[in-house]
Amino acid sequence: MGLSVTLSNALSGMRVGQSALDVLSHNVANAGTPGYHRRSVSVIDSLGVNSTYAREGQLQRTFNQALQSHYTRAVSDSGFSSVQAGYLDRVQILFGKPGTTGSLDSAFADFESSLNSLSTSPDNFATRAETVQKAQVLAGTLNRFTSDIQSLRREIESKLATSVDDINSQLQSLEKINGRLIDQGIDPGSRATLMDQRDRLIGSLSEQMDLTVDYRTDGTVALMTRSGVGVLDGKASVFSFASAGALSANSQFNANDALTGVGKLSVTTASGLNIDLVKQNVLRSGELKGLIDLRDNHLVQAQDQLDNIAGALALSMSTQATAGTGVTSGANVGYEVDIGDVQNGNEFTFSFLQGGVQKSVRVVRVDDTSKLPLDYSDANGARVIGLDFSGGTASVASQLQDELGTGLIVTNPSGNVLRITDDGAAGTTDMYSLTKRVTSSALQGGGRALQLFVDLNNSAFTNSLDGVGQMRGFAGRISVNPAVVQDNKLMVQYQLGGSLGDAARVNAIVSNLEDLRFAGGPGSVRNGASSRLAGTVSDFISQAINYQGNAAASAIADNDTQKLTLDALGERLEADYGVDVDEEMARLMELQNAFAANARVMSVAQELIQSLLSSVR
């Protein structure tokens, strides 16, 4: 009886050793395989009828749920930062490094330099031609940058469509794996392989979106976004993307589906609920979130800046500024100006001292009354008030008085004259200045301003707020007035038959470029105050380049940080899950020795049995 027990024990040890060798060989074969989790088999000391013996336990797959959850979150955050850094770096390159060929500031500097040359030689045909050519290059640069920005947005829409297809495919695969893991009859090796594939799919999906994973005891998983929208629970949700087609500067996101100009990203849950992922702000991280932010915010912001630069450039050429005339009415002192020629989008400005604080106000003519009331502070600190001019100057005076309240007195003494005076004897306010800015539409005979840059169909740029506003997309439409291209004498002759040696018009334009200050429109407020431009055209350009450079640098730095975090977690996973070949080889020697020992025991037992049988005979 004792020898049979010995044989049984040795045989059980050999069986366990064989199973351990099978698992070990599988580990070694998959050393370096991405997503493979090291496996092991436990040995159980079992009690038999007359003895104890060894038997193999369950196949164990290395897995750390807490570490895996941290890794899944890091993958999502890294996906977001990576796509942001990549695209914002491309925008930075698009704007160009200051001073380099093809950059926006170089194109403007060349144009400004040609104007300065023209001011000293207005009668030189070649100098005039060069100035017009530099103006065309500058307009063409703004056109090209707009085209490139919109091309990036279209590329993002294409990438969103591809990502959605990949997500749906991966979710379907994960749903099938869940279905197989539910089957408790599946062999342990196949179960472990399915769970490896499960985790690889989760990692790929988490790169696209932020996921919370519920690991269940049967090996299946349920997925939802951090905001709580179900992605997979038994049945997979279905993602969809409806492209808007060709995008332009006017194609922007709007919560109203009838007004939105961009593609719609949505998900239909297993219960049939359809959710707009963008409108309801479902996504918090991942590539999808990064792409949506780029399409609807960062790239729109870059386009806003280009449009503001183009608008300021056009207005610097065409603006005829007229200072108000000083007036005294009893104890009241102030200024008056004729606003009859103020066009839609044009403005008059005034400054005053009130309570020891100097204040500035810009009053903009707004013909599209749906934009009213309009009252905000621009990037220069001036208060911007939009008024309806359709009722005449008396109505403008009344509206402005209502907006300003006490301290200033606004009247319409006659015709189209608007008068603003202080409060006289009360002495709480003092008027400093009143100036109107009007877009000159006449190439000759309308003052020294020149409508050098025009909108589509040779129309004047007045910064009208009608509809979406003339400013939106203007960088893609700006061009040099064809009349000036055809006859470059218009660069100098502001009066019919005027002297070509008179540099007055050129000097006025140069002065406007140096002195006229502008401020980014309210459209750029939604993207944060840091994106709003203020100052001269040159200031606009340098601020835009600096802003895009800083945005790219910040995104790249964040991406580097996320990569370091992800790499650190990846090393932790590799240490926990990966196969150490040296360790496996050491284990192989242990198994080999154990197997040889068990074989020796069986050999000795066999010899003893044979000896006993021989003695019986």
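Below, the structure is looked at part by part. (Residues numbered from 1 in each chain as written. Predicted model: local features only at pLDDT ≥ 70, side-chain atom pairs only at ≥ 80, totals over all residues. Heavy atoms only, no water.)

This next bit is on the pattern of salt bridges. In the structure shown here, the tally under the stated rule is 24 salt bridges. Note that Arg 61 and Asp 196 form a salt bridge whose closest N and O atoms lie 2.8 Å from each other. With Arg 61 in strand β2 (residues 52-61) and Asp 196 in helix α5 (residues 188-208), this pair connects stretches of sequence that are 135 residues apart. Grouping residues by exposure puts Arg 61 and Asp 196 together as buried. Across the pair Asp 341 and Lys 436 runs a salt bridge whose closest N-O atoms are separated by 2.7 Å. Placement of the pair is Asp 341 in the loop between β12 (332-338) and β13 (347-354) and Lys 436 in strand β19 (residues 429-439), with a sequence separation of 95 residues. The class for Asp 341 is partly exposed, based on a relative accessible area of 39%. (Salt bridge = Lys/Arg side-chain N within 4 Å of Asp/Glu carboxyl O. Helix = DSSP H or I, 4+ residues; strand = E, 2+ residues; numbered from the N terminus. Buried < 20%, exposed > 50% of the residue type's maximum accessible area, 1.4 Å probe, protein only.)

Our focus in this paragraph is the sheet that holds strand β10 (residues 319-323). A sheet is described by the order of its strands in space; here 6 strands give the open sequence β10-β19-β13-β14-β16-β15, paired in mixed fashion. Each of the sheet's edge strands pairs with one partner strand only, and the pair in question is β10 and β15 (374-377). Looking at each pair of strands side by side, their axes are set apart by 20 degrees on average, direction ignored. Relative to β19, β10 runs antiparallel, the two sharing 5 bridges. Within the sheet, the bridge partner assigned to Ala 321 lies in β19 and is Arg 437. Lying over the sheet, helix α6 (residues 287-318) contacts β10 and β19, oriented at roughly 60 degrees with respect to β10. Packing of helix α7 (residues 393-404) onto the sheet brings it into contact with β13, β14 (357-365), β15 and β16 (383-387), and relative to β16 it is tilted by some 140 degrees. (Pairing = 2+ DSSP bridges. Axes fitted to C-alpha atoms, helices over the stretch in contact; angles between N-to-C directions. Contact = heavy atoms within 4.5 Å.)

Its 12 residues give helix α10 (residues 504-515) an end-to-end C-alpha distance of 16 Å, which sits within 8% of 16 Å, the value for a rise of 1.5 Å per residue. The elements touched by buried residues of α10 are α3 (104-120), α6, β10 and α11 (537-577). (Expected span 1.5 Å × (residues − 1).)

Counting 95 residues, the largest nonpolar core has Phe 111, Leu 223, Leu 452 and Phe 453 as the members making the most contacts within it. Ranked by the residues each element gives to this core, the list is headed by helix α4 (residues 125-181), at 16 residues. Among all residues touching Phe 111, those that are not within four sequence positions of it are Thr 131, Lys 134, Ala 135, Leu 138, Leu 313, Met 317, Leu 452, Phe 453 and Leu 513. Listed in part, the 22 residues of the second largest apolar core include Val 363, Leu 387, Val 396 and Leu 404. (Core = buried A, V, L, I, M, F, W, Y, C linked by side-chain atoms within 4.5 Å.)

Next up on the list: the side chain of Asp 368. Tracing the backbone through its elements, the reader meets Asp 368 in the loop between β14 and β15. A relative accessible area of 18% means that Asp 368 is categorised as buried.

On to the environment of Arg 517, then. By the secondary structure assignment, Arg 517 is in the loop between α10 and β22 (518-519). For Arg 517, the residues in contact, after removing those within four places along its chain, are Asn 380, Arg 437, Ala 534, Gly 535, Thr 536 and Asp 539. Polar contacts involving the side chain of Arg 517 include one to the side chain of Asn 380, which spans 3.3 Å. (Polar contact = N/O pair within 3.5 Å; in protein donor to acceptor, adjacent residues only side chain to side chain.)

As a further point, take the sheet that holds strand β8 (residues 264-268). Across the sheet, 3 strands lie side by side as β7-β8-β9; this open sheet has antiparallel pairing. Either end of the sheet is taken by a strand with one partner, and the two such strands are β7 (238-242) and β9 (274-276). Ignoring which end each strand starts from, the neighbouring axes of this sheet average 25 degrees apart. In this fold α4 packs onto β7 and β8, with an angle of close to 165 degrees to the strand it touches most, β7.

Note that the residue after Leu 372, namely Pro 373, is joined by a cis bond; omega there is 0 degrees. By secondary structure assignment, the location of Pro 373 is in the loop between β14 and β15. In this structure, Asn 281 takes a positive phi of about 50 degrees despite not being glycine. Among the secondary structure elements, Asn 281 is positioned in the loop between β9 and α6. For Asn 281, a relative accessible area of 42% gives the class partly exposed. Even without glycine at this site, Asn 463 takes up a positive phi of about 65 degrees. With respect to the helices and strands, Asn 463 occurs in the loop between β20 (453-454) and α8 (474-477).

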